[in-house]
Amino acid sequence: MAGGLVALLDDVAVLAKAAAASIDDIGAAAGRASVKAAGVVVDDTAVTPRYVHGFTPDRELPIIRKIAIGSIRNKLLIILPVAMILSQFLPQALPYLLIAGGLFLCYEGAEKVYEALTGGHHEEEATAAEKGPEFEKAMIGGAIRTDLILSAEIMVISLSSVEDEPFLTRLIVLIVVAVLITILVYGVVALIVKMDDVGLALAKRKSTFAQRIGRGLVRAMPKLMTVLTVVGIAAMLWVGGHILLVNVGEAGFHWPADRLHDLEHWFGELVHGGFGGVLSWTAGTVASALVGLVVGAIVVLIMHLIPRRKKADAAH
């Protein structure tokens, strides 16, 4: 009887160790996947605050909450099932999905550059509060649709880093990544958009130190939003260009990815030590962003020519 109990405890210990090792493996895989998708996460975090621009302070957090709920639905109910089915039965399709997503990011980034250079979309500067609940609903819907693309990029990039793992591990890793990244992105966004309110509250306190901090936060917000806009555009071009270069190679055309690797290696060899790695990464990032800008500009040109062509045909 005692021997059977000892054997049972040994079995339980073995199972516990296996479970712990499995949890460690999942945690490590989720960490790798999250790091690999970091560029798109930066992009997502930088892009989202513009969707609450012009709304009254009391509507900012509810809007962010609705977008976050839409984001987690996108990831878990739409993207996750499709990604898992493809990874299981048609893994060769993943590079082409990433190429399509990369093209979209390049287009989005180049479109923002085009708008900045031509001064487009000034009409959107009207106060959002004056446009009523329908406008708010439309903004939330637009944000969730944009999030669908960015979330798809995050999930597919994450999946590509664990594609050799068993099905269940891939599933758990993607669920962990979906939840953690959604919390991270929209938590940071909530902090960003409420920073000016925190500043105003501090500025009203009796403490001189608190007032200085508060006024500093209020003054810093416009600059921070400008920086976030620039970072968001740069991230779109960098991530989109890099996705294209790498996954065009995965699809069979290796020349662009090989040239990127050669460029990174050449810059990395210029300086020995840790700075060589920084230089290599910077060169690769700049090259990817330039590729993203060029490809995106071509897509923007095509997208702007199509409506003109339709109007010209209609006129005839």
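On a predicted model such as this, the values are computed, not experimentally measured, just so you know.

Participant: Quick one: what's the story with the packing of aromatic side chains, residue by residue and with numbers?
Facilitator: Counted according to the given criterion, the structure contains two aromatic pairs. The interplanar angle of 85° and the centroid separation of 5.0 Å between the aromatic rings of W266 and F267 together place this pair among those described as edge-to-face.

Participant: Pulling in residues and values, what's your account of a nonpolar patch on the surface?
Facilitator: Taken together, the side chains of W266, L270, V271, F275 and V278 present a nonpolar region at the surface, about 490 Å² in accessible area. Breaking the nonpolar patch down by element, the ones donating at least two residues are α8 (255-270) and α9 (274-315). For V278, the location among the structural elements is in helix α9. Residue V278 is classed as partly exposed on the basis of its relative accessible area, which comes to 45%.

Participant: Kindly report on the packing of helix α3 (residues 57-89) against helix α6 (residues 167-203), identifying the contributing residues and their values.
Facilitator: The description of two packed helices rests on the angle between their axes and on the distance between the axes. Running from N to C, α3 and α6 cross one another at 160°; their axes reach a closest spacing of 10 Å. When the axes of α3 and α6 are compared, the pair comes out roughly antiparallel. Both α3 and α6 take part in a crossing whose hand is right-handed. Of the residues belonging to the contact of α3 with α6, the class tally is 19 nonpolar, four polar and five charged.

Participant: Explain the pattern of salt bridges to me, and be specific about the residues and the numbers.
Facilitator: All told, the structure shown has six salt bridges when counted by the stated rule. In this structure, the salt-bridge partner of D197 is K194, at a minimum N-O distance of 2.5 Å. In this pair, D197 and K194 are both assigned in helix α6, three residues apart and thus about one turn of the helix distant. The class of D197 is partly exposed, set by a relative accessible area of 23%. Assessed through its relative accessible area of 18%, K194 is described here as buried. Here R259 ties to D262 by a salt bridge, and the two come within 2.7 Å at their closest N and O atoms. Separated by three residues within a single helix, R259 and D262 lie in helix α8, roughly one turn from each other. Looking at R259, the relative accessible area reads 34%, which means it is partly exposed. The class of D262 is partly exposed, set by a relative accessible area of 38%. Connected via shared salt-bridge partners are R59, K66 and E136.

Participant: Go over the nonpolar core, please, and point to the residues and values.
Facilitator: Core analysis: the biggest nonpolar cluster contains 19 residues, and I63, I64, I67 and Y186 have the highest contact counts within it. For this core, the secondary structure elements donating two or more residues are α3, α5 (132-160) and α6. In terms of residue count, the dominant contributor to this core is α6 (eight residues). Leave out the neighbours within four places in its chain, and I67 touches Y51, I140, A143, I144 and Y186.

Participant: Which residues make up a positive patch on the surface, and what values do they have?
Facilitator: Residues R212, R215, R219 and K223 make up a contiguous surface patch of positive charge. As for its position among the elements, K223 is in helix α7 (residues 208-250).

Participant: Kindly report on α7, identifying the contributing residues and their values.
Facilitator: Every α-helix carries 3.6 residues per turn, so stepping three or four residues along brings you back to the same face. The terminal C-alpha atoms of α7 lie 59 Å apart, and with 43 residues this matches the ideal 63 Å at 1.5 Å per residue to within 8%. The backbone nitrogen of F209 has a side-chain oxygen 3.4 Å away, supplied by the residue at the start of α7, namely S207. Of the residues trailing α7, G252 is marked for its positive phi of about 125°.

Participant: For the UniProt feature "transmembrane region" (unreviewed entry) in the protein, give the residues involved together with the corresponding values.
Facilitator: The UniProt entry lists residues 76-99, 171-193, 224-245 and 278-302 under the feature "transmembrane region" (unreviewed entry), expressed in the numbering used here. The span residues 171-193 is 100% helix and 0% strand, and its two end C-alpha atoms sit 33 Å from each other. Here residues 224-245 is 100% helix and 0% strand, with 31 Å between the C-alpha atoms at its ends.

Rules used in this analysis
Residues numbered from 1 in each chain as written. Predicted model: local features only at pLDDT ≥ 70, side-chain atom pairs only at ≥ 80, totals over all residues. Heavy atoms only, no water. Phe/Tyr/Trp six-rings, centres within 6.5 Å; stacked < 30°, edge-to-face > 60°. Patch = residues over 30% accessible without salt bridge, like charges linked within 9 Å, V, L, I, M, F, W, Y side chains within 5 Å. Areas by Shrake-Rupley, 256 points an atom, 1.4 Å probe, with all protein chains shown as cover. Salt bridge = Lys/Arg side-chain N within 4 Å of Asp/Glu carboxyl O. Helix = DSSP H or I, 4+ residues; strand = E, 2+ residues; numbered from the N terminus. Buried < 20%, exposed > 50% of the residue type's maximum accessible area, 1.4 Å probe, protein only. Axes fitted to C-alpha atoms, helices over the stretch in contact; angles between N-to-C directions. Parallel < 35°, antiparallel > 145°, perpendicular 65-115°, else oblique. Left-handed = near helix turned anticlockwise from the far one by under 90°. Nonpolar A, V, L, I, M, F, W, Y, C, P; charged D, E, K, R; others polar. Core = buried A, V, L, I, M, F, W, Y, C linked by side-chain atoms within 4.5 Å. Contact = heavy atoms within 4.5 Å. Lys, Arg positive; Asp, Glu negative; His and termini not counted. Charge placed at Lys NZ, Arg CZ, Asp CG, Glu CD. Expected span 1.5 Å × (residues − 1). Polar contact = N/O pair within 3.5 Å; in protein donor to acceptor, adjacent residues only side chain to side chain. UniProt positions renumbered as here; feature names shortened; annotations may be inferred.

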